[in-house]
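What follows is each chain in one-letter form.
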2 protein chains.
Amino acid sequence: MVSIDDIAKKAGVSTATVSRVLNGTGYVSEETEIKVLKAVRELGYVPHTLAKTLARKKTFSVAVVISKRISELIKSDVGIFYKIILDAIENAASIYKVSVDLVLLEEVITGEHRTYDGYILVGSDASEEEIEKLSRSSKVVLVDHYIDGLRVDSIVSDGYDGIFYITKKFIDSGFNRIIHIHGPLKYYGFRDRYNGYVAAMTKFGKLPLVFEYDDLHEEIDSVLRRALRDWVPEVIICSNDPIAIKVLNKLKLWGYRVPEDVSIIGFDDIPAAEKEGLSTLRVQKVELGVNAVKRINEILSKQSAHPYKQCIYTTYIKRNSSVM
Amino acid sequence: MVSIDDIAKKAGVSTATVSRVLNGTGYVSEETEIKVLKAVRELGYVPHTLAKTLARKKTFSVAVVISKRISELIKSDVGIFYKIILDAIENAASIYKVSVDLVLLEEVITGEHRTYDGYILVGSDASEEEIEKLSRSSKVVLVDHYIDGLRVDSIVSDGYDGIFYITKKFIDSGFNRIIHIHGPLKYYGFRDRYNGYVAAMTKFGKLPLVFEYDDLHEEIDSVLRRALRDWVPEVIICSNDPIAIKVLNKLKLWGYRVPEDVSIIGFDDIPAAEKEGLSTLRVQKVELGVNAVKRINEILSKQSAHPYKQCIYTTYIKRNSSVM
């Protein structure tokens with residue numbers, strides 16, 4: 001059987017270097033990396049990274065971290081989005097031989113907890129400083145959250161791509177009056193979707209028309225009055241399902257026909273979307289959870305150390321609130 | 001041993017549904033998916049997806065597709081970026097039991113080739129229409145390329161994140177006059193990096209100052225004269241290493257001290273960057289290739305069917321062209 005020593009000899013490097021390349025840990029120049037990988041190939045060495053997961057006796061301990069706010073949300077229907085992700089994480093954990101504990105973000109921050117091999121942070125309540133501090137000493141994967149330039153592994157839903165897709169779909173079919181009603185842009189998710197709408201409109205030479213709606217501080221009425229002042233839009237693309245459902249019900253109340261007069265599109269696919277017949281971009285919530293477990297397992301077993309952001313594409317679910 | 005039938009019975013669904021969930025193929029409602037995954041967990045069923053790759057007798061055939069333009073480039077030093085990616089693909093292929101052929105994009109488009117189980121398209125020469133057509137009938141992974149809203153698996157370098165990181169790093173240290181010289185924004189890569197610079201500047205209340213430079217149609221002199229007209233920038237962040245090296249040499253020729261008067265940053269880390277002492281954001285080229293092979297193997301062995309974009313973070317390499 002081919003050993004690491006054989007590879008080191010063949011490549012003319014130390015065994016420590018071979019190990020760094022195979023485990024993806026530490027700095028190795030590209031030239032050296034290629035030399036080692038060539039030796040691996042020529043000698044027919046099969047790394048045991050895949051076999052390792054199967055044969056592994058040790059169980060990695062992983063903290064699944066949510067904020068107090070989310071732990072309150074998941075007690076009711078409002079938190080169904082997070083509930084599905086957490087269920088998926090628990091299920092995937094048993095498959096990947098990872099043991100998971102649900103831990104509060106506030107306890108992780110103050111250090112009132114045992115230490116874990118890895119941390120999966122679910123949701124966007126952790127601040128940049130908190131994530132930076134934790135990631136300096138531990139392996140961290142963010143779910144449904146990303147911080148610009150921090151280079152921490154993230155699994156997110158690709159809101160940019162989803163909203164670009166649906167905006168383009170309507171433009172391609174000859175629609176012109178397509179507007180976007182969005183939540184506060186300080187949140188990564190809303191900003192990402194906003195950028196997708198603006199990119200699609202400008203790419204096809206149309207002026208983006210956007211209306212901000214902060215559901216904590218205003219009624220949908222005033223936003224909709226502004227949006228309808230000069231003409232009735234053919235399509236209203238919303239930042240998320242709760243906003244879209246408010247728009248849908250208010251427009252029906254005001255006597256507009258949906259979808260004949262106006263098509264309404266949401267984002268997320270929460271259970272209420274199905275009940276209300278709302279067309280929406282489904283976030284792959286199960287995939288967010290499963291892929292987070294796969295990723296932390298990869299990192300902890302040193303199968304792929306270089307961090308990345310995984311943006312899972314959405315799926316368009318057409319229901320009765322839109323003509324296509 | 002637990003079988004798929006046992007899971008179907010426990011979850012109260014058909015075996016076809018169980019298979020769809022475990023293989024990630026076809027539409028399954030989230031409710032059903034969770035029911036099946038719960039049964040999987042309660043019965044202690046271990047899917048053989050990981051074992052499958054190890055035990056697999058069959059070798060997947062994968063076409064590694066490059067354009068004629070890139071096939072010419074890799075004959076000289078100019079194409080080193082692609083050469084490294086192609087070498088990494090070839091090496092990873094042997095590890096993941098995938099057989100790869102190098103095929104020309106132009107031949108794939110016209111159908112002058114045998115069919116393959118999967119296609120890895122390297123570089124951004126394939127058009128949206130060409131990619132859409134190929135992905136309708138085959139499994140496709142793009143490398144260093146992404147098409148808005150097309151929802152085809154992509155492995156890219158995160159230019160947005162890298163340029164955001166370095167811009168913020170200089171802002172955090174008190175620098176103010178930070179400008180960006182970028183290539184034509186019709187290319188995804190340049191646009192992505194441009195967005196990272198603009199996002200970082202505006203986030204910290206600074207006015208972005210950008211200069212477009214098309215190296216096919218103009219000299220760097222005229223761009224630099226415009227950039228230096230009113231004051232000398234403290235930091236010039238460039239779209240890629242070739243632009244940065246031109247800027248570096250021209251400014252030295254004009255008598256500026258680098259990095260004392262001005263810091264210059266590139267993007268890519270091509271071999272010339274090391275020779276010229278250029279600080280730059282290294283694109284993880286080996287990772288781009290290796291992860292593309294991992295991804296096509298996952299897709300072909302039905303371990304994870306839902307498509308995503310993987311954005312690999314860059315690594316900052318400080319050399320002599322910058323003060324930090």
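Residues numbered from 1 in each chain as written. Chains lettered and ligands numbered in written order. Predicted model: local features only at pLDDT ≥ 70, side-chain atom pairs only at ≥ 80, totals over all residues. Heavy atoms only, no water.

A look at the side chain of serine 279 of chain B
Step number 1: With respect to the element layout, serine 279 of chain B can be found in strand β10 (residues 279-282).
Step number 2: In this structure the side chain of serine 279 of chain B is engaged in a polar contact, spanning 2.8 Å, whose partner is the backbone nitrogen of arginine 319 of chain B. (Helix = DSSP H or I, 4+ residues; strand = E, 2+ residues; numbered from the N terminus. Polar contact = N/O pair within 3.5 Å; in protein donor to acceptor, adjacent residues only side chain to side chain.)

Thoughts on the environment of tyrosine 256 of chain A
All names here are of chain A.
Step number 1: Among the secondary structure elements, tyrosine 256 is positioned in the loop between α12 (241-253) and β9 (263-268).
Step number 2: C-alpha of tyrosine 256 to C-alpha of isoleucine 34: the two residues are 222 residues apart in sequence and 63 Å apart in space.
Step number 3: In contact with tyrosine 256, other than residues within four places in its own chain, are Leu228, Val232, Leu251 and Asp261. (Contact = heavy atoms within 4.5 Å.)

Points about the interface of chain B and chain A
Step number 1: With 61 residues of chain B at the contact, the number on the chain A side is 61 residues.
Step number 2: Interface of chain B and chain A: buried area, both sides summed, is about 5,400 Å²; carbon and sulfur atoms make up 54% of it.
Step number 3: Taken together, the connections running from chain B to chain A amount to six salt bridges.
Step number 4: A salt bridge links glutamate 128 of chain B to lysine 168 of chain A; its shortest N-O distance comes to 3.8 Å.
Step number 5: Counting across the chain B and chain A interface gives 20 residue pairs in polar contact (both at pLDDT 80 or more).
Step number 6: For the side of chain B that touches chain A, the element with the most residues is helix α3 (residues 30-43) of chain B, which contributes seven residues. (Buried area = accessible area lost by both parts, 1.4 Å probe. Salt bridge = Lys/Arg side-chain N within 4 Å of Asp/Glu carboxyl O.)

As for the pattern of salt bridges
Step number 1: Applying the stated rule across the entire model yields 34 salt bridges over all chains.
Step number 2: In this structure, aspartate 269 of chain B engages arginine 282 of chain B in a salt bridge whose closest nitrogen and oxygen atoms are separated by 2.8 Å. Of this pair, aspartate 269 of chain B sits in the loop between β9 (263-268) and α13 (271-276) while arginine 282 of chain B is found in strand β10, placing the two residues 13 residues apart along the sequence. This pair shows no difference in class: aspartate 269 of chain B is buried, exactly as arginine 282 of chain B is.
Step number 3: A single network of salt bridges, built from pairs that share partners, joins Glu128 of chain A together with Lys168, Asp172 and Lys203 of chain B. (Buried < 20%, exposed > 50% of the residue type's maximum accessible area, 1.4 Å probe, protein only.)

Here's the deal with the packing of helix α6 (residues 80-95) of chain A against helix α14 (residues 285-300) of chain A
All names here are of chain A.
Step number 1: Running from N to C, α6 and α14 point in directions that differ by 40°, and their axes come no closer than 7 Å. It follows from the interaxial angle that α6 and α14 lie oblique. The chirality of how α6 crosses α14 is right-handed. Taken together, the residues of α14 that come into contact with α6 (itself represented by Phe81, Ile84, Ile85, Ala88, Ile89, Ala92 and Ala93) are Lys285, Val286, Leu288, Gly289, Val290 and Val293.
Step number 2: Broken down by class, the residue content of the contact of α6 with α14 amounts to 11 nonpolar, one polar and one charged. (Axes fitted to C-alpha atoms, helices over the stretch in contact; angles between N-to-C directions. Parallel < 35°, antiparallel > 145°, perpendicular 65-115°, else oblique. Left-handed = near helix turned anticlockwise from the far one by under 90°. Nonpolar A, V, L, I, M, F, W, Y, C, P; charged D, E, K, R; others polar.)

Details of the sheet that holds strand β6 (residues 178-182) of chain A
All names here are of chain A.
Step number 1: If you walk across this open sheet you meet the six strands as β7-β6-β8-β9-β10-β12, and the pairing is mixed. Either end of the sheet is taken by a strand with one partner, and the two such strands are β7 (210-212) and β12 (315-317). The mean angle between the axes of side-by-side strands here comes to 20°, regardless of whether they run parallel or antiparallel.
Step number 2: Sheet strands in contact with helix α10 (residues 188-203) are β6, β7 and β9, and its direction is about 165° off that of β6.
Step number 3: Strand contacts of α12: β6, β8 (235-238), β9 and β10 (279-282), with the helix running at about 155° to β9, the strand carrying the most contacts. (Pairing = 2+ DSSP bridges.)

A short note on the nonpolar core
Step number 1: Residues Ile120, Val122, Ile166, Phe170, Ile178 and Leu288 of chain B are the most contacted members of the largest nonpolar core, which totals 45 residues.
Step number 2: Sorting elements by how many residues they give to this core places helix α6 (residues 80-95) of chain B first, with seven residues.
Step number 3: Inspection of this core shows a minimum of three residues originating in each of domain 2 (57-156 + 285-312) and domain 3 (159-283) of chain B.
Step number 4: Ignoring any residue separated from it by four or fewer positions in sequence, one finds leucine 288 of chain B in contact with Phe81, Ile85, Val143, Ile155, Val156, Ser157, Val283 and Ile312 of chain B.
Step number 5: Of all hydrophobic cores here, the second largest spans 44 residues; its members include Val98, Ile166, Phe170 and Val293 of chain A. (Core = buried A, V, L, I, M, F, W, Y, C linked by side-chain atoms within 4.5 Å. Domains from an automatic or database assignment.)

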